[in-house]
Number of protein chains: 2
Amino acid sequence: MTPLKRITIRDVSERAGVSTAAVSYVLNGREGKVSQETASKVRRAASELNYIPDFSARSLAGTRSKLIGVVIPQTEDQKQLLLQNPFYSELVCGIEARLRQSGYHMILSGVDKGEGYLDTSMQRNLDGAIIMGIYQESFYDDLKRVKVPIVLIDSYVNDSYFQTVSIDDEAGGYMATKLLIDNGHTNIALVTGLIRKDGVVEKRFLGYKRALKEAGLFYNSDYVFEHSVSYEYGQEAAAALAAGHPEITAVFATSDLVALGVLRGLSDAGKRVPEDVSVVGFDDIPVARMCNPPLTTVRQNIVARGAMAADRLLKAIEEGEDSVADDPSVARLELAIRQTVQRLMPN
Amino acid sequence: MTPLKRITIRDVSERAGVSTAAVSYVLNGREGKVSQETASKVRRAASELNYIPDFSARSLAGTRSKLIGVVIPQTEDQKQLLLQNPFYSELVCGIEARLRQSGYHMILSGVDKGEGYLDTSMQRNLDGAIIMGIYQESFYDDLKRVKVPIVLIDSYVNDSYFQTVSIDDEAGGYMATKLLIDNGHTNIALVTGLIRKDGVVEKRFLGYKRALKEAGLFYNSDYVFEHSVSYEYGQEAAAALAAGHPEITAVFATSDLVALGVLRGLSDAGKRVPEDVSVVGFDDIPVARMCNPPLTTVRQNIVARGAMAADRLLKAIEEGEDSVADDPSVARLELAIRQTVQRLMPN
DNA sequence: TTGTATGCGTTATCAT
DNA sequence: ATGATAACGCATACAA
């Protein structure tokens, strides 16, 4: 176990018999500035000494930090990351893989209520950030001031400064509802987290309404169960719905997590799925296919979406902000038909 | 949107009419070195200017980087993080919350096969690292050379340099198996990922064998289904088991993920759980209570374990390596009795 | 093409 | 108690 002392650019330059500038040039691909011979001497020396650059120094000297901030929402009690929600873990997987592949590292964190992200981005000299979730206005204003490329996921903030990687949530809501309608259902409940202005949930809700309207069905606000994106709430809503609205034969849950809760709540209330009540979820998180019965849901390739976000960010960083298209990347959506929807027989 | 220029320690010092050294002292709590008046002048100036320290510079100047490396295993194809495994996402939640609370940030990443972590720790001047999963010998050797505190999770590497936060896996395996035996089962299969020397799985396997032996039951290696920690394998193993060993009435799966697969595989083979076959898992990941029927399993408080790991690491960093107890932290284990185990009626 | 010198923001040493 | 000033490791403008 050699104690391992830090090898600096100076060590390399001395060993190679050249200047530190030459080393820096070679190691940063500015090959044009240097002769073939010098280049190879430098490379040899660097590899013999096992040179590892210090990113803090690089960052300080004004170049890239190769650090990306990734922010995900926190649990309601503000105590921990919402990483337990598979949707976010999948996104993070996609992001991390792509970033590392390009030589970047990711600082993953949540942001406490009322706190901003400006401190972190300044402290760490972040090259860019990927933000998931929805925050207050001032949060985004801060972000803009750091002049660093930013990609938003799951947010409909309407500001051309930010890039977004989204899905057509409205279409997804429509697809799910339409599937139920096509199977003969007319009394379709919506179970969902808070419908916030400009949130993904609102779009899905709009899709739900559009499908209803298109089919000539009456939109009944009593059929909307709106509270939080959690298993517990799904369960609760299902109980309420089973007790108070026996005429409901189908549920569209705007998130798989909620849908799983609905499954349980229904089962607790003595309703069978899909015989008595059909259920459609949204996201296609891994458990959707592992639960019992396997959940019919709207699939988005979450990992791919994460990778997409990373790609867009890296492009903006490396090729300049303007190089990027200003239309949002929109990932494709499809139905994952499994076993929680049943055709309603006319009685 | 003010363009936002960087406020340095020098700006603060000028505004306060003191030296940069004084500013540094005050802002780092070395109050003793400075008069009350200077201190308050500095604080005022800093807050008026909205001073945000640059961690790169700090790190370069030789103090702490306040950066912790967190490594988690990757999927089998080496492409993405194993964050889809709720076990790891929970751990990360616990770790991140604690770190941020103490002013640290976390770089989350995987490590490619054959790669080490030495580069990253040097590049980023990490103050410490938390490593999950099992790696080759040389990986740990590298780690030791950076002379930075390290906490291992889920590894039985026997080296006093590393701290560990573990659970009594052997006892867990024993508890699970004993539960089945106490319910009258005698033909108990084990479905598990690869049993690697010194891995957690080996310990659980040992606990399984101990419970068997203690009950005077014969250990039958045909009852051990060993391959990978995945839903798919659980499903596969259950199919094989149902087809080839009708005498088996109970399964201990060394991970909930695998157990969920077993549930499905059993159901596909026409076996009912728990009427025909009882199943016990391990970990108590969130889906365990959400699946159908809810899974009886060995519970470890995963989030708390993550927090524990972070605590130990921070203590080692801030109070010096020697301040830490050299006995590993061992988190408590208990059975989460739900609905997948049934008493076997003597026939 | 190559090398020297300077600055990046912070901490720490050493005079004062 | 306080304030210059020299590192820290790297990139780069400028000089040679």
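Per an unreviewed UniProt entry, chain A is named LacI family transcriptional regulator, and its organism is Cohnella ginsengisoli.

Strand pairing in a sheet relies on backbone hydrogen bonds, with the paired strands running either antiparallel or parallel. All names here are of chain A. One open sheet holds the 6 strands; their spatial order is E7-E6-E8-E9-E10-E12, and the pairing between them is mixed. The sheet is open, and its two borders are formed by strand E7 (224-227) and strand E12 (333-336), each paired with just one other strand. Taken over all neighbouring pairs, the strand axes of this sheet differ in orientation by 15° on average, direction set aside. Sheet analysis places strand E8 (residues 250-253) next to strand E9 (residues 278-283), joined by 3 bridges and oriented parallel. Each bridged residue has a counterpart across the sheet, and for Val251 the counterpart in E9 is Val279. Contacting strand E6 (188-193), E8, E9 and strand E10 (296-300), helix H11 (residues 256-268) runs over the sheet at an angle of about 160° to E9.

Turning our attention to the protein's contact with DNA strand C. DNA strand C sits among 27 residues. The nearest are A:Ser35, A:Thr38, B:Ile9, B:Tyr51 and B:Arg58. Across the atoms of DNA strand C situated within 4 Å of the protein, the share located in sugar and phosphate is 71%. Within the backbone of B:Asp54, an N or O atom sits 3.0 Å from a phosphate oxygen of DNA strand C.

It is worth spelling out the relation of the copies chain A and chain B at this point. Of the transformation placing chain A onto chain B, the axial shift is 0.0 Å and the rotation is 180°, giving an RMSD of 0.1 Å. Such values leave the two copies arranged in the relation of a two-fold axis. With an isologous cut-off of 70% or more, the 100% of interface residues of chain A that recur at the interface of chain B puts this contact in the isologous class.

It is worth spelling out helix H3 (residues 36-49) of chain B at this point. Think of an α-helix as turning once every 3.6 residues; residues three or four places apart then point the same way. All names here are of chain B. Spanning 14 residues, H3 covers 20 Å between terminal C-alpha atoms, matching the ideal 20 Å at 1.5 Å per step. Turning to H3, its buried residues are Thr38, Ala39, Val42, Ala45 and Ala46. One side of H3 holds all its buried residues, which, seen down the axis, span an arc of 135°. Exposed residues on H3 whose side chains face more than 90 degrees from its buried face are Gln36, Glu37 and Ser47. Packed against the buried residues of H3 are helix H1 (9-16) and helix H2 (20-27). Trailing H3 by a residue or two, Asn50 shows a phi angle of about 60°, which is positive.

The next point concerns the protein's contact with DNA strand D. A:Ile9, A:Tyr51, A:Arg58, B:Ser35 and B:Thr38 are the nearest of the 26 residues found near DNA strand D. In this structure, A:Arg30 approaches DNA strand D through a side-chain N or O atom, which is 3.2 Å from a phosphate oxygen. A distance of 3.3 Å separates a base oxygen of DNA strand D from a polar atom in the backbone of B:Ala61. Secondary-structure elements contributing two or more residues to the surface near DNA strand D are helix H2 (20-27) and helix H4 (55-60) of chain A together with H2 of chain B.

In this section: the side chain of A:Arg312. Residue and element names in this part refer to chain A. With respect to the secondary-structure elements, Arg312 resides in helix H13 (residues 302-319). Engagement of the side chain of Arg312 in a polar contact is seen with the side chain of Gln163, the distance being 2.9 Å. Not counting residues within four places of it along the chain, the set of residues in contact with Arg312 comprises Val151, Gln163, Thr164, Val165, Val324, Ala325, Asp327, Pro328 and Ser329.

All names here are of chain B. Direction vectors running N to C along helix H5 (residues 86-101) and helix H13 (residues 302-319) enclose 45°, while the axes themselves pass 7 Å from each other. As the angle between them shows, H5 and H13 are arranged oblique. In terms of crossing hand, the pair formed by H5 and H13 is right-handed. Across the interface between the two elements, Phe87, Glu90, Leu91, Gly94, Ile95, Arg98 and Leu99 from H5 touch Ile302, Val303, Arg305, Gly306, Ala307, Ala310, Asp311 and Leu314 from H13. For the contact of H5 with H13, the residue count by class is 9 nonpolar, 2 polar and 4 charged.

We now examine the nonpolar core. Membership of the largest hydrophobic core comes to 150 residues, with the highest contact counts inside it found for A:Leu108 and B:Leu108. Not counting chain neighbours up to four residues away, the residues in contact with B:Leu108 comprise A:Val92, A:Glu96, A:Met106, A:Leu108, B:Val70, B:Ile72, B:Leu81, B:Leu83 and B:Val92. Listed in part, the 41 residues of the second largest apolar core include A:Leu143, B:Leu4, B:Val146 and B:Phe162.

Glancing now at the interface of chain A and chain B. If you look at the interface, chain A gives 60 residues, while chain B gives 60 residues. For the pair chain A and chain B, the summed buried area comes to about 5,600 Å², and 56% of that belongs to carbon and sulfur atoms. Counting the surface chain A buries against chain B, the share from its top three residues, A:Leu4, A:Arg124 and A:Arg145, is 12%. Counting the contacts that link chain A with chain B gives 4 salt bridges. Across the pair A:Asp112 and B:Arg100 runs a salt bridge whose closest N-O atoms are separated by 3.5 Å. Of all the secondary-structure elements, those providing two or more residues to the side of chain A that touches chain B are H4, helix H5 (86-101), strand E2 (105-109), helix H6 (118-124), helix H7 (137-145), helix H10 (231-244), H11 and helix H12 (287-290) of chain A. Sort the elements by how many residues they give to the side of chain A that touches chain B and H5(A) lands first, with 7 residues. Considered class by class, the residues forming the side of chain A that touches chain B number 29 nonpolar, 15 polar and 16 charged.

Rules and cut-offs
- Residues numbered from 1 in each chain as written.
- Chains lettered and ligands numbered in written order.
- Predicted model: local features only at pLDDT ≥ 70, side-chain atom pairs only at ≥ 80, totals over all residues.
- Heavy atoms only, no water.
- Pairing = 2+ DSSP bridges.
- Helix = DSSP H or I, 4+ residues; strand = E, 2+ residues; numbered from the N terminus.
- Axes fitted to C-alpha atoms, helices over the stretch in contact; angles between N-to-C directions.
- Contact = heavy atoms within 4.5 Å.
- Near = heavy atom within 4 Å.
- Polar contact = N/O pair within 3.5 Å; in protein donor to acceptor, adjacent residues only side chain to side chain.
- Least-squares fit on C-alpha atoms with pLDDT ≥ 70 in both.
- Expected span 1.5 Å × (residues − 1).
- Buried < 20%, exposed > 50% of the residue type's maximum accessible area, 1.4 Å probe, protein only.
- Arc of directions from axis to C-beta.
- Parallel < 35°, antiparallel > 145°, perpendicular 65-115°, else oblique.
- Left-handed = near helix turned anticlockwise from the far one by under 90°.
- Nonpolar A, V, L, I, M, F, W, Y, C, P; charged D, E, K, R; others polar.
- Core = buried A, V, L, I, M, F, W, Y, C linked by side-chain atoms within 4.5 Å.
- Buried area = accessible area lost by both parts, 1.4 Å probe.
- Salt bridge = Lys/Arg side-chain N within 4 Å of Asp/Glu carboxyl O.

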